[in-house]
Amino acid sequence: MAQLTKRSKTWLYAALFIFILLAAAAATMGRKYYMTRVKSITLEETAYLYITPEDNAESVLSKLKEAIAPQSAYGFMLLAEHNRFDSRRRSGKFAIKDGDTMKDIYYRIVSNTQTPVKLTIPSTRSIPQAVGIICRQLMLDSAELSRYTGSATYYNRIGYTTETLPSLFIPETYEVYWDIKPEELMIRLSKALAANKNITDINIETLIEAGFVSKNNRVKILGKGELTKALNVTAHAFSQSA
């Protein structure tokens, strides 16, 4: 009888130990589920996370902690560790919205669901100045973009000459992705300019507004280049070939 009691105790302790392990595992799983899929973030206004190609899970976590309550960011590492974040993450600008769970934010990043930025090109006096202004608003290196704006081989290929290239950088606001590549940006600007080719009148005022001349400049139209549509042009002077 005593031997049976001892065996029963052994089974009882074993069962109790297994129960504790299962309870601990269930608690851990429950906490992970709560932190990643249930706990929502409270924000007064939408925040944005800017991720570069050099970022990894730890650096993204640091940026998250700056944008939201640090304790709310804990769920991000739980997802990152089990879903190969470093091999799936994308660069760009990603929204963090009021009411989001960490799962919402995580999958917004890995699915590359970006929020566009408003790229504003003001009136400038030169292409290098325009390049500098653009690159301060995007994840672009000015030297990299300058390789495209300075390459006649490239801009001739997309239909521009040295004389017409400045028309790509007329004052305008565009919606583009923060991590847009230089060539993609050039094509985007070119398409936008093509869509605005309903302009039929060019005068001193339009040239000043576009930033090509100042109020004190005298404008003379030369006979270089080629027009593909009729324009009404007003200037101070015209060359004989024009």
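If you're wondering where the values come from, they're calculated on a predicted model, not measured in any experiment. (Residues numbered from 1 in each chain as written. Predicted model: local features only at pLDDT ≥ 70, side-chain atom pairs only at ≥ 80, totals over all residues. Heavy atoms only, no water.)

Q: Break down the overall build of the protein for me, citing the residues and quoting the values.
A: Helices and strands together make up the secondary structure of the protein, namely 10 helices and eight strands. Relative to its 242 residues, the protein shows a buried fraction of 33%. Contacts in the protein between residues at least 24 apart in sequence constitute 63% of all its contacts with a sequence separation of at least 6. For the protein, the accessible surface area stands at approximately 15500 Å², while carbon and sulfur atoms represent 54% of it. (Helix = DSSP H or I, 4+ residues; strand = E, 2+ residues; numbered from the N terminus. Buried < 20%, exposed > 50% of the residue type's maximum accessible area, 1.4 Å probe, protein only. Contact = heavy atoms within 4.5 Å. Areas by Shrake-Rupley, 256 points an atom, 1.4 Å probe, with all protein chains shown as cover.)

Q: Pulling in residues and values, what's your account of the packing of helix α7 (residues 142–149) against helix α9 (residues 182–195)?
A: A pair of packed helices is captured by two measures, namely the crossing angle of their axes and the spacing between those axes. For the pair α7 and α9, interaxial distance at closest approach is 9 Å and the crossing angle is 50°. Accordingly, the angle class assigned to the pair α7 and α9 is oblique. In the crossing of α7 with α9, the sense of the turn from one axis to the other is right-handed. Judged by residue contacts, E144, L145, Y148 and T149 of α7 engage P182, E183, L185 and M186 from α9. (Axes fitted to C-alpha atoms, helices over the stretch in contact; angles between N-to-C directions. Parallel < 35°, antiparallel > 145°, perpendicular 65-115°, else oblique. Left-handed = near helix turned anticlockwise from the far one by under 90°.)

Q: Which residues make up the nonpolar core, and what are the values?
A: With 26 residues, the main nonpolar core has I134, L138, L145, L168, F169 and L185 as its most contacted residues. When residues of this core are traced back to their parent elements, those giving at least two are β3 (117–121), α6 (127–135), α8 (152–157), β4 (172–176) and α9. Those residues in contact with F169 that sit more than four places away from it in its chain are I121, P122, I127, A130, I134, T149, M186 and L189. One finds L61, A73, I96 and I109 within the second-largest nonpolar core, a separate group that totals 23 residues. (Core = buried A, V, L, I, M, F, W, Y, C linked by side-chain atoms within 4.5 Å.)

Q: Describe unusual backbone geometry, listing the residues and the values that go with them.
A: Phi at R84 is positive, roughly 50°, even though this residue is not glycine. Relative to the elements of secondary structure, R84 occurs in the loop between α3 (74–82) and α4 (85–88). Positive phi values are uncommon outside glycine, yet N112 reaches one of about 60°. With respect to the helices, strands and loops of the structure, N112 is situated in the loop between α5 (102–110) and β3. Using a relative accessible area of 35% as the deciding quantity, one classes N112 as partly exposed.

Q: Give me the lowdown on the packing of aromatic side chains, citing residues and values where you can.
A: Inspection of the entire model under this criterion finds six aromatic pairs. Arranged with centres 5.0 Å apart and planes meeting at 75°, the rings of Y50 and W178 form a pair that is edge-to-face. Placement of Y50 in strand β1 (residues 47–51) and of W178 in the loop between β4 and α9 is noted, with a sequence separation of 128 residues between them. You can call Y50 partly exposed: its relative accessible area is 34%. Taking the centre distance of 4.9 Å and the plane angle of 90° together, the rings of Y148 and Y154 count as edge-to-face. For Y148, a relative accessible area of 23% puts it in the partly exposed group. One aromatic cluster is present, built from ring pairs that chain together F76, F85, Y106 and Y107. (Phe/Tyr/Trp six-rings, centres within 6.5 Å; stacked < 30°, edge-to-face > 60°.)

Q: Quick rundown of a nonpolar patch on the surface? Include the residues and the values.
A: Taken together, the side chains of F17, I18, L21 and L22 define a hydrophobic patch exposed on the protein surface, amounting to about 420 Å² of accessible area. Tracing the backbone through its elements, the reader meets L22 in helix α1 (residues 2–38). (Patch = residues over 30% accessible without salt bridge, like charges linked within 9 Å, V, L, I, M, F, W, Y side chains within 5 Å. Salt bridge = Lys/Arg side-chain N within 4 Å of Asp/Glu carboxyl O.)

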